[in-house]
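A look at the structure
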Amino acid sequence: MSALINAGLTPSIGLSEEQAQLIDIAQNFCRDKSPIDQVRKLLDDDTGFDPAVWHEIAELGWLGIGVPEEFGGIGLGLGELVPIVEQMGRHLMALPFVSTIVAAQAILHSGTSQQQQKYLPALASGTAASLALCEENADWDLENISCTASQTDQGLVLSGRKFLVTDAHQAELFIVSVRYDDKPALVIVPRAALAEGAMSREKIIDDTRRSYALDLNGVCVDADSLMEQAKAAETLAYIELASSLLLAAEMVGGAYNVIDYTLDYLKTRKQFGKLIGSYQSLKHTMVDAHMGYERARSHLYSAAYLFDQQGEGEVAVRMAKAEANEAFSFAADRAIQFHGGFGFTYDCDAQLYRRRAIWCSALHGDARYHRRKLADLML
Amino acid sequence: MTAVDQKQLQEFKQQAEAWFAENTPREVDFMLPLTFMEVGTDQQFEFLRAWQNKVYEAGYLGAHWPKEFGGGGLDRAFQDVATKAMAAERTPIMLNAIGLNWTGPLLLDRGSEEEKKKYIKGILSAEEIWCQGFSEPDHGSDLGNAQTRAVREGDEYVINGSKIWTTQGNYADYMILLARTNPQAESKYKGLSFFLSPMKGQGIETVPIRKLTGEYGFTQTFFDNARIPASCLMGQEGEGWLIAMQTLEYERGARSGQAGGHVMMSADPADILELARHAQINGKPAIEDPAIREELVALMTEARALGLNSRRDKIQPLAQDRPMSLALGSKLASTDFYQRLNAFAIAMQGTRAAYYVGDPQAHDNGVWQRGYLNSFSATIGGGTSQIQRNIIGEHVLGLPKG
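Remember, predicted model here, so these are calculated numbers, not experimental data.

On to the overall build of chain A. Tallying secondary structure elements over chain A gives 13 helices and eleven strands in all. By the compact-globule yardstick of 21 Å for 379 residues, chain A fits well, its C-alpha radius of gyration being 21 Å. Seen along its three principal axes, the alpha-carbon backbone of chain A occupies a region of about 80 × 50 × 40 Å. Burial analysis of chain A (379 residues in total) assigns 54% to the buried set. At a minimum sequence separation of 6, the contacts of chain A that also span at least 24 residues come to 75%.

Here you go:
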């Protein structure tokens, strides 16, 4: 079997000292800041997160981990952030963390040097940002764009509508994908450029999250808001992989805690005079969920380790996203079922995880999407 | 752990690769067993015994076991590269698997000096073949209920009862035997003792079992007033369950110390990809079918996770949330995977899925069909997958016993 495991690739996995430390720090931080009572309290909150926690995260320097030192960051690879996002996922934290990180990486990738100097120090120190990529076509292919931008005397004028823009209410700037000269392009849109009423909150399945539709019609930004168009396609591909890696981390974290939550119930709930966790139909299924989680976690840390490597990184990330989608979805689905009648109530936390799993799978590709990409890469 | 001389290791690796490239038998005119559980003919047995002996004499088996008992006295890393070279070259398997993987490490970990001196070298050289006597006809997964009796009479134990699924039982010189010395013990577990029992002697008879493939490889072993020296008792009376559980940990991959060398040949990705390229389904190469492609990728992803899991298990901060999880899960994960892999390989063959070993129409001479049927030996033996789920559920997830 070893040969099969090695098919095409060495199954590399590793952990840097920084990551090892971050696991502990992030574990304590997220557990303290996001107990389930707090998560539930924020469900009805307009912003959906605690600004004080966001401020602390900025103080801890986590937003600058992937930003080079010259822009006020630490200059490490994106993989270093995986332990943090994994722990955030365990505790269902909802912060503009992933969107801000990915926006900064996109600017690092193909922003002009002027844009990098203008925005990166702010993003590394607590200014939130988001990406406006999805459209009505519901396509995971980020190059399937119908929104447009064109140069006019007033500046760059945008048109069209974007959907699923996470944490838009908090973002100070947006990376927006458009067609420009009939080719994909990315534009940096400051919040101030949006017309009043351009943002409308969407009703999404994950109650812990906030998402908005963005009306770009009439938006006019400075002519130099365009990012380097020659690198746009490459940057969109990068955004997909970077987001997939961090979403996988969030899901692996979620899978761990929803399994833990269900185990607690199976160890205390009695039916027919026995703890229900002693019944094999439940016990064995929990083992399958747990094994799926372990597989996904191994793939996650392999993807974190290989992320910056051409080719191997893409294979590892797609495998990690596919495995995380399935492991989290299965664990959370069974979590509802195994809580019985209580599982059908809003009070049972299992639904929060299941909704989160659907949300995370919907963004940047489900398992089948990534497997099809992998088939083209590997077969 | 002491630092390994990387230069020395590199040289050893090159030597091993060159040796296996040169010495691996290529043109064998009979079917070689894919696993140590499929040794069904004398011809296969003698061939594999000679091959293991040759590998041992060349220094590529037990390279990390202590020199004083017949090992190579090197660091574990040396045997690992030799084992890898063996698997990469797809050499015939190491025959004496029970000795190499279970009895040997058990003796090295808890055997007496005398036992180590007496048995280790013969295990490595394949001069003394070992088998395992745990399961009984009426007590497969429920090992603790073993009923084979061992009664002390002077300097001997008298054994009565029967064991089943004795791999290579008809060839074995010794058996690791779990037998009941005290039927009145306060618990069924405490009544068990562990023996290093000879297999050749009066009152011990083996009867071959015909497997689902139609081949042989296992026996049922009958003890009828068989007398074995009292010195065959390992440890103390009543420690049988404890020692048997430790043995199973080697078998399940939860403990290391195995002599190395591969004891199972398994599907190579190149093989299954090759099959997908030339097997036809709906009039087209299977590899062009979108559903087949997706499934292939899913299996390759899963295979990769098996390797990643064992590597992650060595990275402490990534393996501490649920201690023992990855080690105890590896048997279940890999045997279950291998079974589905073979089943999938059959499913991409169109009507040719119906053929079996020996028919010219069979893909790869039926290796997938035979491999699938044989894969149940691993999902049933050594504790069924269902028992594995109980173990993981109870010991890793902390769920209550049923």
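Following the structure, the description resumes.
With that out of the way, let us pick up the nonpolar core. Ranked by size, the top nonpolar core spans 156 residues in total, and within it Val187, Leu245, Ala255 and Leu300 of chain A carry the most contacts. Those residues within four positions of Val187 of chain A in sequence are excluded, and the remaining contacts are Ala149, Leu156, Leu158, Val176, Val178, Val221, Ser225, Leu226 and Met227 of chain A. Counting residues in each nonpolar core, the second largest holds 70 residues, with Leu61, Ala63, Phe78 and Met234 of chain B among its members.

Right, let's get into the packing of helix H13 (residues 367-378) of chain A against helix H8 (residues 290-312) of chain B. Following both chains from N to C, one finds H13 of chain A and H8 of chain B inclined at 90°, their axes separated by 9 Å at the closest point. When the axis of H13 of chain A is compared with that of H8 of chain B, the two are roughly perpendicular. Between H13 of chain A and H8 of chain B, the contacting residues are Arg368, Arg371, Arg372, Leu374, Ala375 and Met378 of chain A on the first element and Arg293, Glu294, Val297, Ala298 and Met300 of chain B on the second. Across the contact of H13 of chain A with H8 of chain B, the residue classes tally to six nonpolar, no polar and five charged.

Next up on the list: the interface of chain A and chain B. Counting residues at the interface gives 42 residues for chain A, matched by 44 residues for chain B. Counting only elements with at least two residues in the side of chain A that touches chain B, the list comes to helix H1 (2-5), helix H2 (17-33), helix H8 (232-266), helix H9 (280-306), helix H10 (312-338) and H13 of chain A. No other element matches H9 of chain A, which puts 13 residues into the side of chain A that touches chain B. In the side of chain A that touches chain B, the residues fall into 25 nonpolar, nine polar and eight charged.

Below, the discussion takes up the pairing of strand S8 (residues 211-215) of chain A. As judged from the four bridges shared by strand S4 (residues 161-166) of chain A and S8 of chain A, these two strands associate in the antiparallel manner. When the bridges of S8 of chain A are listed, Lys162 of chain A appears paired with Leu214 of chain A.

Before going further, it helps to examine the environment of Asn365 of chain B. Position of Asn365 of chain B among the secondary structure elements: in the loop between helix H9 (325-347) and helix H10 (367-380). We classify Asn365 of chain B as partly exposed; it has 15 C-beta atoms within 10 Å.

As a further point, take the domain arrangement of chain A. All names here are of chain A. On domain assignment, one finds that chain A holds domain 1 (2-127), domain 2 (131-231) and domain 3 (233-378). Between the C-alpha centres of domain 1 and domain 2 the distance comes to 23 Å. At the interface, 20 residues of domain 1 touch 19 residues of domain 2. No other element matches the six residues that helix H6 (residues 97-110) contributes to the side of domain 1 that touches domain 2. Broken down by class, the residue content of the side of domain 1 that touches domain 2 amounts to ten nonpolar, ten polar and no charged.

Now for the environment of Ala132 of chain A. Residue and element names in this part refer to chain A. Within the element layout of this structure, Ala132 appears in strand S1 (residues 129-132). Ala132 sits 49 residues away from Pro83 along the chain, and the two C-alpha atoms are 26 Å apart. Once you skip the residues sitting within four places of it in the chain, Ala132 turns out to touch Lys162, Val165, Phe174, Val176 and Leu214.

Residue and element names in this part refer to chain B. Sheet analysis places strand S2 (residues 149-153) next to strand S3 (residues 156-167), joined by five bridges and oriented antiparallel. Bridge assignment links Arg149 to a residue of S3, and that residue is Asn160. Where S2 folds back onto S3 in an antiparallel hairpin, the turn is made up of two residues, including Gly154, whose phi is positive at roughly 65°. Pairing between S3 and strand S7 (residues 218-229): nine bridges, direction antiparallel. Bridge pairing links Ile159 to Ala226 in S7.

Now for the environment of Ser113 of chain A. Tracing the chain through its elements places Ser113 of chain A in helix H7 (residues 113-124). For the pair formed by Ser113 of chain A and Glu228 of chain A, sequence separation is 115 residues and the distance between their alpha carbons is 9.9 Å.

What follows is about the domain arrangement of chain B. It is common to give the size of an interface as the accessible area lost on bringing the parts into contact. Split by domain assignment, chain B resolves into domain 1 (28-127), domain 2 (131-251) and domain 3 (269-396). In this structure, domain 1 of chain B and domain 3 of chain B have C-alpha centres spaced 26 Å apart.

Definitions and limits used
- Residues numbered from 1 in each chain as written.
- Chains lettered and ligands numbered in written order.
- Predicted model: local features only at pLDDT ≥ 70, side-chain atom pairs only at ≥ 80, totals over all residues.
- Helix = DSSP H or I, 4+ residues; strand = E, 2+ residues; numbered from the N terminus.
- Rg over C-alpha atoms; globule rule 2.2 N^0.38 Å.
- Buried ≥ 20, exposed ≤ 12 C-beta atoms within 10 Å, placed from the backbone.
- Contact = placed C-beta atoms within 7 Å.
- Core = buried A, V, L, I, M, F, W, Y, C linked by C-beta atoms within 7 Å.
- Axes fitted to C-alpha atoms, helices over the stretch in contact; angles between N-to-C directions.
- Parallel < 35°, antiparallel > 145°, perpendicular 65-115°, else oblique.
- Nonpolar A, V, L, I, M, F, W, Y, C, P; charged D, E, K, R; others polar.
- Pairing = 2+ DSSP bridges.
- Domains from an automatic or database assignment.

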